Amino acid sequence: MGERVDLVPGTLGMLVMKAVSAESLHGFGIARWIESVTGDRLTVEEGALYPALHRLEKRGWLSSDWQRTEHGRRARYYQLTRDGRRELDALRARWEGSAAAVRQVLDAEARA
Amino acid sequence: MNLDRKHRRIRDEVAHHISELEAQLEAEGMSREQAVAEAARRFGDRNRIEQATREIASGWGMWTRRADIVRQDVAHALRQMLRHPLVSGLTLATLVVGVSATTIVFSVVHAVVLSPLPFHESERLLHVSQTSPQGRPYSISEPNFVDFRARQRSFVEMAAMGFENPILSGLGDAESVEGMRVSHTFFSLLGITPILGRDFLAEEDLFGGATDVVLLSEGAWQRRYGSDEDVVGSTMFLDGSARRIVGVVPSGRAWPGVEVFAPLAPNPDVFRDDQRLEAIGRLLPGVTIEQAARDMSEIALQLSDEYPESTDRWGAAVQRARDWLIGPQLTQLGGFLLGPVGLFLLMACASVSNLLLARATVRLQEMGVRAALGAGRGRLAAQLTVEGLVLAVLGGALSVVLTLQGLRIVQALGPADIARLGEAGVNTSVLLVGTAAAALAVVAAGAAPALLMVRGSVFSGLRMGSGAASGTGRRFRDGLVVAQFALAVTVVLSATLLTRSFVRLQNVELGFEPSGLLRFAVRLPDDRFSQATREDFLRLLREDVEAIPGVEAMGATSAPPFSRFGPSNFVARSDQEPDRQEDFVPVSWRAISGDYFAAAGIPLLAGRLFGPEDRPAPRDQVLNPPVIIDRALADMLWPGQDPLGRLVTWFLPGGRQCEVIGVVASARDEQVEGMPRPRIYRPFSYTFWDQPSVLVRTAGEATDLIPTLRRAVLSLDAAVPAISPAPVEQDLRETIAWPRFTMQVLTVFGFIALALAAMGIYGVTAFSVAQRRREIGVRVALGAEPAGVHWMVMRGAMRLALPGIVVGVAVSLGLMRFLETLLFDISSVDPVTYLLVPSTLALVAVASAWLPAKRAVRLDPRSALVSE
C-alpha cells in the first residue's frame, strides 16, 4: 500500500467514467473499484461522488437503472453511454497529453 | 411528482451506499453498532450530500445560487446609486439624453431615407430625365417619352406619370382632388396590384383610345365610397367628363394624397419641349445603371437630330428612383443628422464614463476591502457589470419613454414635404439601434472604470486610500472633459450660425407682402373656355370677390408665389438682339390680370400698370404687346437709362418685340434665398393658360375669408371650385421649413451639448474637490485665503475647458465649409458667432465649476482631516 494521494481536481468524472466503462457498477462499487485499483491510495469522497454521478448522467455520458446486487439488495447501477465513451477517450487523451508534457518538463536537463 | 421520484431515488442510492459500507466494515470485523456509527461518520453529512445531488439532478442549484448573487449585486448597485443621488442622476440623465437623441434621429432617418421604397425590388427602379444643353435635369415631354419607351433596350418596361388636380364633381360640391396620369405599365412596373377590379389596359393608354377610365386610390375608395365593392363599373366625373371606375389600387404609401389615377395616353403631337412627365424604368436583369444611362443618352442624341427645333442638344440622365423620390435635401439632412448624433452618443458615453470613473476612483477603497476579504477578481468584475446593467436597464427604459415623446415632437415640427416622416416609429430595427446604443454606451463607459478597478489596482487602492487617485484615471477623465468642450463648441457654433442665418432669412425684404394674402387656383379647361371667356370669368370673379367685405384687391397670375412651378423664358433688348438663344437673358415670367400688383403688394416704380386699353381686340395683331419688367431686369438691360417705351424681344413663342410700359419692384416670390431671377410680366390676355392662380389681398385675418371665397367662386360657375385656397404666409413658412427644421434640430443639439459639457466639468471638478479634501483642509488649516482656494479649484476647471474650447474652434473652422450651402447671407466664419460661442462656453465652464469651488472654500478643515 503506497502513500495516500489527493484526487487531482477535475479528474473525478474521468475516473468514474473509467470505472463503469467495462461493466455497470453502483456508487459504492465505483468508489471501491477506484480504491482497489489504486491500492487504497486514492479514496473517493461520497460527498463528491453522488453529485458527480448525477451530473454525468444529466450530460448524457452515463445511464443508470435499478438492479439487484449479488447480495440481493436493490441498487442503482451506472454504465457508460456511447457519448460517455467518446468523452472518456477525449478526457483521457487530454490528460495523457498534459501529463506527458509535465513529465517532459520535469525530466528535462535543467540549464543554468 | 417527478421531483419526488428523484428525491426518493437519491435517498435510496445513499441508503444503499451506507448499508454496503456497513456490511464491508462488519466484514472487516466491527460489531454491527460500531459499523453503523463508523459508516455514518465516514459518509459525512448525509442530508447535505443528498441536497447537493438533488440540485445537480434538477439543474436548479446553479441557477438559484447565481440568481441569488445577481439579486445581491442588483440591490448593491441600487444602494450605491441611491447613496449618491446627484451623481447617479447626472449619469442616468446623460445616458438617457444621448441614447434618446440617437434613437430619435435614427428612427427618423430610417423611416425617411433608409427604409426601402414601397415598391417591388425598388433598387432596380430608375428615374429618367431629359437634360438641357447646360446639363440641368428636366421632366420629359409626352412625345419624347413615347420615343424613349419604344427605343430603349435597358429596361423591362418604362412608365411615366404626370401630376394633376382634376375637378371631381357629382359627389357633393365640385372640388379639386389630387390625381395622377400614369402609363398602363405604371402599377405593374412598381409591383402594385389592384385590390379590386383591374389595372389599366394597353389600349386605354393610347392617345384617342378608350381613355375614359379611372383607378381609385384605396384611401379615396374608403373615404368617398365607404369601401363599397360595387364601385367598380360605376361612373365618376373628373373635369366634367364621365369616367368608368375600373379598379382600386393600394397606392397610399407611395403617393399618400393622390386619389385618382387616369391613363396617361401620351399625345405624340404636342410640343416636344412641353416637359411635364416624370419617367421611370425597371432595369433588365444584368443591365447596370451606367448602361441604362448610355442607352438613354443615345436615344436623346437621335431625338436631338430628328427634332432639332425643339430638342437640339438635349440629353438624358438617369438616377435611382429613391434618389429622385427622397431628394438631395433629405439625403443631406440624413447625413447631417446622423453625423452629429454619433458624436453626441460619444459625448454621452464620455460623460457617463467620466461620472462612473469618478465614482470608481472613490470606490477603489471599497473594492480593495472586498478583495482583501476574499472576493475574486471575477466576482468584482461581475459586480461592476451588474452595476452597469442596472444603469443600462434604467437608462434604456427612460430612453424609450423620451424617444416616443421626442418622435411625436419631431413629427409635429418637421417640414410637411418629408414624405415618410409619419412612418417614423419605434420599430424593431429602431429598438435594436437604441438598445445597442444604450448597451454600447454603458459598456464603453463602464470599461474604463472596470479596468481601473480590476487591473490589479485594487490593492494599491487600498494602500493609497481615497485621497490619491490613479494618474491614468485622472488623465483619462480630463481628456474626456476636453473632448466634450471641443464637441460642444462645434455643435453650438453650427447651431448659432444656422440660427443667425435663419433670422436673416426670415427678415429678408421680400419685395411683396405675404401677410393677409390668400391664393387659390381655378381650372378653366379648353372644352368649356376660350381665352376670351377665361378673361371674362376672371373679370366677373374679381367683381364678386372685391365686393366681399375685407377684400381689398384681387389679381390672377400664371404661377402663385412659392409654387414649385416657376415658368422661365429668355429676353433681350430688341436693339441688341443676339443670334443665339444662349445669349438671351434668362428670366422668370408671369401672365397676370386684374389688380395683380395691388393684391400681391408689389409697388410700381415707374410707368403704368396694364389697363383695359391693353386688351387686344379680336383678331387684331398688336405690333408691340405691352410688358412690365421688374427693377432687376431694368437694371440688367438698361443700366442707368429709362426703360419706359423701349422694346424687349421675348424669345418664346416666336420672338415678339414687346414694349416696356412699367417697372415694378423685384419680388422674392419664387424662393427666399438667393437673388430673385429677373422678371417680366405680360397681360393674361396674350397668353393661353387654363389654370390661373388667384391672389386676394385681405384687410384682416386672411384664413377667415376662405369659406366665403369658396362660395363666391362656386356661385359664379358650379363646375369651377377654388382649388386648395391657402394663405401665402403658409406657403412662405413651407418654403423655409427646411432651414427652420435644420436650425431647430441643431439648436436642440446645441443645448444638449452644452448641458453635457456643463455636467462633465461639474462632475470632474466636484470629484477633484472631494478627492483633495485633505489637501484643501490642510491649506485652509494653514490659513489659506478662501479666494485662493476658490481660484485654485476654478483654475483646475479652466485648465480643461479652455483647451477644449480652442480645439473646438479649430475643428469648427475645418468643418464649417460643409455648412456653407445651408447658410443664407452669413459667412461660415462669421466673427460675431466665433466670438460669442467660445465666450459662452467659457462662461458655462465657470458657472459649472463655481459650485464645487464654493464648497471647497467652505470645507471645514477638521472634518476633512479626520475623515480618513
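Residues numbered from 1 in each chain as written. Chains lettered and ligands numbered in written order. Predicted model: local features only at pLDDT ≥ 70, side-chain atom pairs only at ≥ 80, totals over all residues. Heavy atoms only, no water.

The next point concerns the overall build of chain B. What chain B contains, in helices and strands, is 25 helices and 25 strands. Across the 868 residues in chain B, those meeting the buried criterion constitute 50%. (Helix = DSSP H or I, 4+ residues; strand = E, 2+ residues; numbered from the N terminus. Buried < 20%, exposed > 50% of the residue type's maximum accessible area, 1.4 Å probe, protein only.)

This part is about the interface of chain A and chain B. Taken residue by residue, the interface counts 22 residues in chain A and 20 residues in chain B. Together chain A and chain B conceal approximately 1900 Å² of surface at their shared face, both sides included; 61% is due to carbon and sulfur atoms. Area buried by chain A at its contact with chain B is led by Phe28, Tyr50 and His54 of chain A, which between them contribute 33% of it. Summed over the shared surface of chain A and chain B, the number is 3 salt bridges. Residue Arg74 of chain A pairs with Asp12 of chain B through a salt bridge whose shortest N-O separation is 3.1 Å. Linking chain A to chain B there are 8 residue pairs in polar contact (both at pLDDT 80 or more). Elements supplying a minimum of two residues to the side of chain A that touches chain B: helix 2 (27-37), helix 3 (46-58), strand 2 (62-68) and strand 3 (74-80) of chain A. For the side of chain A that touches chain B, the element with the highest residue contribution is helix 3 of chain A, accounting for 9 residues. When grouped by side-chain class, the residues that make up the side of chain A that touches chain B number 7 nonpolar, 7 polar and 8 charged. (Contact = heavy atoms within 4.5 Å. Buried area = accessible area lost by both parts, 1.4 Å probe. Salt bridge = Lys/Arg side-chain N within 4 Å of Asp/Glu carboxyl O. Polar contact = N/O pair within 3.5 Å; in protein donor to acceptor, adjacent residues only side chain to side chain. Nonpolar A, V, L, I, M, F, W, Y, C, P; charged D, E, K, R; others polar.)

This part is about a negative patch on the surface. Taken together, Glu509, Glu513, Glu701, Asp704 and Glu729 of chain B make up a surface patch of like negative charges. Along the polypeptide, Glu729 of chain B turns up in helix 20 (residues 728-735). (Patch = residues over 30% accessible without salt bridge, like charges linked within 9 Å, V, L, I, M, F, W, Y side chains within 5 Å. Areas by Shrake-Rupley, 256 points an atom, 1.4 Å probe, with all protein chains shown as cover. Lys, Arg positive; Asp, Glu negative; His and termini not counted. Charge placed at Lys NZ, Arg CZ, Asp CG, Glu CD.)

Turning our attention to the side chain of Thr81 of chain A. Residues and elements named next belong to chain A. Tracing the backbone shows Thr81 in the loop between strand 3 and helix 4 (82-107). Relative accessible area serves as the criterion here: at 18%, Thr81 is assigned to the buried category. Setting aside chain neighbours within four positions, we find Thr81 in contact with Gly60, Trp61, Leu62 and Ser63.

Moving on, we come to the environment of Ile602 of chain B. Structurally, the position occupied by Ile602 of chain B is in the loop between helix 17 (596-600) and strand 19 (604-607). In sequence terms Ile602 of chain B and Phe512 of chain B are 90 residues apart; their C-alpha atoms lie 4.9 Å from each other.

Time to look at a positive patch on the surface. Together, Lys58 of chain A together with Arg5, Lys6, Arg8 and Arg11 of chain B make up a positively charged patch on the protein surface. Ranked by residues supplied to the positive patch, first place goes to helix 1 (residues 2-27) of chain B with 4 residues. If you trace the backbone, Arg11 of chain B turns up in helix 1. Owing to a relative accessible area of 42%, Arg11 of chain B belongs among the partly exposed residues under this scheme.

All names here are of chain B. Residues Phe485, Ile602, Tyr681 and Leu841 are the most contacted members of the largest nonpolar core, which totals 92 residues. Examining the composition of this core, we find that 15 residues originate from one element, helix 21 (residues 737-771), more than from any other. Contact partners of Leu841, with chain neighbours within four places excluded, come to Phe485, Ala488, Val489, Val492, Leu754 and Ile805. Core analysis: the next-biggest nonpolar cluster, separate from the first, contains 42 residues, Leu524, Trp638, Val663 and Val694 among them. (Core = buried A, V, L, I, M, F, W, Y, C linked by side-chain atoms within 4.5 Å.)

This brings us to the sheet that holds strand 2 of chain A. All names here are of chain A. If you trace the 3 strands from one edge of the open sheet to the other, you get 1-3-2, paired in antiparallel fashion. In the strand order of this sheet, the two ends are held by strand 1 (25-26) and strand 2, each with one partner. Inspection of the sheet shows strand 2 paired to strand 3 by 7 bridges, in the antiparallel sense. Bridge pairing in strand 3 links Ser64 to Tyr78. (Pairing = 2+ DSSP bridges.)

Once that is clear, we can look at helix 19 (residues 706-716) of chain B. Within helix 19 of chain B, the full set of buried residues consists of Ile706, Leu709, Ala712, Val713 and Leu714 of chain B. For helix 19 of chain B, the elements touching its buried residues are strand 15 (517-521), helix 16 (531-546), strand 24 (693-698) and strand 25 (723-727) of chain B.

Looking now at the packing of helix 20 of chain B against helix 21 of chain B. Residues and elements named next belong to chain B. Helix 21 packs onto helix 20 with a crossing angle of 50° between their chain directions and a minimal axis gap of 4 Å. Taken together, the axes of helix 20 and helix 21 lie oblique to each other. Only Ala737, Pro739 and Arg740 of helix 21 make contact with helix 20, whose side of the interface consists of Arg733, Glu734 and Thr735. Classifying every residue of the contact of helix 20 with helix 21 gives 2 nonpolar, 1 polar and 3 charged. (Axes fitted to C-alpha atoms, helices over the stretch in contact; angles between N-to-C directions. Parallel < 35°, antiparallel > 145°, perpendicular 65-115°, else oblique.)

Residues and elements named next belong to chain B. Summed over the entire model, instances satisfying the criterion amount to 38 salt bridges over all chains. Close ionic contact of Arg779 with Glu775 constitutes a salt bridge, the shortest N to O distance being 3.0 Å. Separated by 4 residues within a single helix, Arg779 and Glu775 lie in helix 22 (residues 773-781), roughly one turn from each other. On the basis of relative accessibility, which here comes to 38%, the residue Arg779 falls in the partly exposed class.

Every α-helix winds through 3.6 residues per turn, so residues three or four apart in the chain are directed the same way. Between its first and last C-alpha atoms helix 4 of chain A spans 37 Å; for 26 residues at 1.5 Å apiece the expected length is 38 Å, and the two agree. As for helix 4 of chain A, its buried residues are in contact with helix 1 (12-19) and strand 3 of chain A. (Expected span 1.5 Å × (residues − 1).)

Once that is clear, we can look at the pairing of strand 15 of chain B. All names here are of chain B. Counting buried residues in strand 15 gives 5 out of 5 residues, a clear majority hidden from the surface. The pairing of strand 15 with strand 24 spans 5 bridges and is classified as antiparallel. Directly across from Leu517, in strand 24, lies its bridge partner Arg697. Bridge count between strand 15 and strand 25: 3 bridges; the pairing is antiparallel. For Arg519, the partnering residue across the bridge sits in strand 25 and is Ala726.

Time to look at the packing of aromatic side chains. Any two aromatic rings considered together are summarised by their centre-to-centre distance and by the angle between their planes. Under the criterion given, the structure shown has 11 aromatic pairs over all chains. Judged by centre distance (6.0 Å) and plane angle (50°), the ring pair of Tyr596 of chain B and Tyr681 of chain B falls under tilted. Taken together, the residues span a long stretch of sequence, with Tyr596 of chain B in helix 17 and Tyr681 of chain B in strand 23 (residues 679-683) at a distance of 85 residues. Here the two residues Tyr596 of chain B and Tyr681 of chain B agree in accessibility, since each one is buried. With a centroid separation of 4.8 Å and an interplanar angle of 75°, the aromatic rings of Phe597 of chain B and Tyr681 of chain B are classed as edge-to-face. In this pair, Phe597 of chain B sits in helix 17 while Tyr681 of chain B sits in strand 23, placing the two residues 84 residues apart along the sequence. The exposure class assigned to Tyr681 of chain B is buried, which follows from its relative accessible area of 1%. Chaining the aromatic ring pairs together yields one cluster made of Phe119, Phe186, Phe187, Trp255 and Phe261 of chain B. When the ring centre of Trp66 of chain A is taken as origin, the NZ or CZ atom of Arg74 of chain A, which lies over that ring, is 4.0 Å away. (Phe/Tyr/Trp six-rings, centres within 6.5 Å; stacked < 30°, edge-to-face > 60°. Lys NZ or Arg CZ within 6 Å of the ring centre and 35° of its normal.)

These values are about where atoms sit, not about what they do.
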